[in-house]
Amino acid sequence: MSMWVFGYGSLLWNPGFEVAEQVRGTLPGWARSFCMRSIHHRGSEIEPGLVLALDAAAHAACDGVALRVAPGTEETTLAYLRERELISSAYLEKMLHVDLSDNRRVEAVTYVIDPDHVQYCGGLPLEEQAQIIAHAHGGRGPNSEYLYNTAQHLTDMGVADPDLDWLSRRVAAILA
């Protein structure tokens, strides 16, 4: 049985593991948003940044990519993902059904936000998000780089995300 991972943020452009197959996919019941404060990778405890997470939303769906893990690397991939994604326990690891663009349906390891975690910050106004993203910097670099890379990869995939597009323009203006 194949192991799949659903990517909707940095996994789109930096999976960090060997991918055997990549297919555009949709995850029903979840919405991508900057609803998690980043205190490690794209911010600090003193000046948290924001990273994308999946927030439960009954009438929404998130477009992203399903990544099939190279056979034989499942165990090391899962260990890597847990170290990367569960660094502060703000994400929950779930196995969720993803509808692929080629009409298959797979079960994929997916990291979603824990709405009860202290790092959860759903519902921030876009302008506040832009100000945070423009100024935060963490262990993996500027928060703005994370935004730009994700927005560009979604555009390249043909996935419309008006909030990320607006944030990209606004953060660029703040930094200009």
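Nothing here was measured: the structure is a model prediction, and the numbers come from that model. (Residues numbered from 1 in each chain as written. Predicted model: local features only at pLDDT ≥ 70, side-chain atom pairs only at ≥ 80, totals over all residues. Heavy atoms only, no water.)

### Notes on the overall build of the chain
Within the chain, the secondary structure is distributed over four helices and seven strands. Starting at the N terminus and ending at the C terminus, the chain contains elements arranged as β-β-β-α-β-β-α-β-β-α-α. At 15 Å, the chain has a C-alpha radius of gyration in line with the 16 Å of a compact globule built from 176 residues. Dimensions along the principal axes, computed over C-alpha positions, put the chain at roughly 45 × 30 × 30 Å. For the chain, the proportion of contacts with a sequence separation of at least 24, taken over those separated by at least 6, is 73%. For the chain, the accessible area works out to roughly 8,400 Å², and carbon and sulfur atoms hold 51% of it. Here the chain contributes 13 positively and 23 negatively charged side chains, and the mean placements of these two sets differ by 2 Å. (Helix = DSSP H or I, 4+ residues; strand = E, 2+ residues; numbered from the N terminus. Rg over C-alpha atoms; globule rule 2.2 N^0.38 Å. Contact = heavy atoms within 4.5 Å. Areas by Shrake-Rupley, 256 points an atom, 1.4 Å probe, with all protein chains shown as cover. Lys, Arg positive; Asp, Glu negative; His and termini not counted. Charge placed at Lys NZ, Arg CZ, Asp CG, Glu CD.)

### What to know about the nonpolar core
Core analysis: the biggest nonpolar cluster contains 51 residues, and Val-5, Phe-6, Tyr-8, Phe-34, Leu-54 and Val-98 have the highest contact counts within it. Here the element with the most residues in this core is strand E3 (residues 49-69); it accounts for ten residues. Contacts of Phe-6, omitting those with residues within four sequence positions, involve Leu-11, Gly-25, Leu-27, Leu-54, Cys-62, Asp-63, Gly-64, Val-65, Val-98, Ala-108, Val-109 and Thr-110. (Core = buried A, V, L, I, M, F, W, Y, C linked by side-chain atoms within 4.5 Å. Buried < 20%, exposed > 50% of the residue type's maximum accessible area, 1.4 Å probe, protein only.)

### Thoughts on the pattern of salt bridges
What the rule picks out here adds up to ten salt bridges. Arg-24 serves as the salt-bridge partner of Asp-63, at 3.8 Å between the closest nitrogen and oxygen. Here Asp-63, found in strand E3, pairs with Arg-24, found in strand E2 (residues 19-38); they are 39 residues apart in sequence, far enough to count as distant. Taking the relative accessible area as the measure of exposure, Asp-63 reaches 24% and is therefore partly exposed. The shortest N-O distance in the salt bridge between Glu-127 and Arg-170 comes to 2.8 Å. With a gap of 43 residues between them, Glu-127 in helix H2 (residues 126-135) and Arg-170 in helix H4 (residues 162-175) connect regions that are remote in the sequence. Classification of Arg-170 as partly exposed rests on a relative accessible area of 27%. Residues joined in a network through salt bridges with shared partners are Glu-21, Arg-68, Asp-102 and Arg-104. (Salt bridge = Lys/Arg side-chain N within 4 Å of Asp/Glu carboxyl O.)

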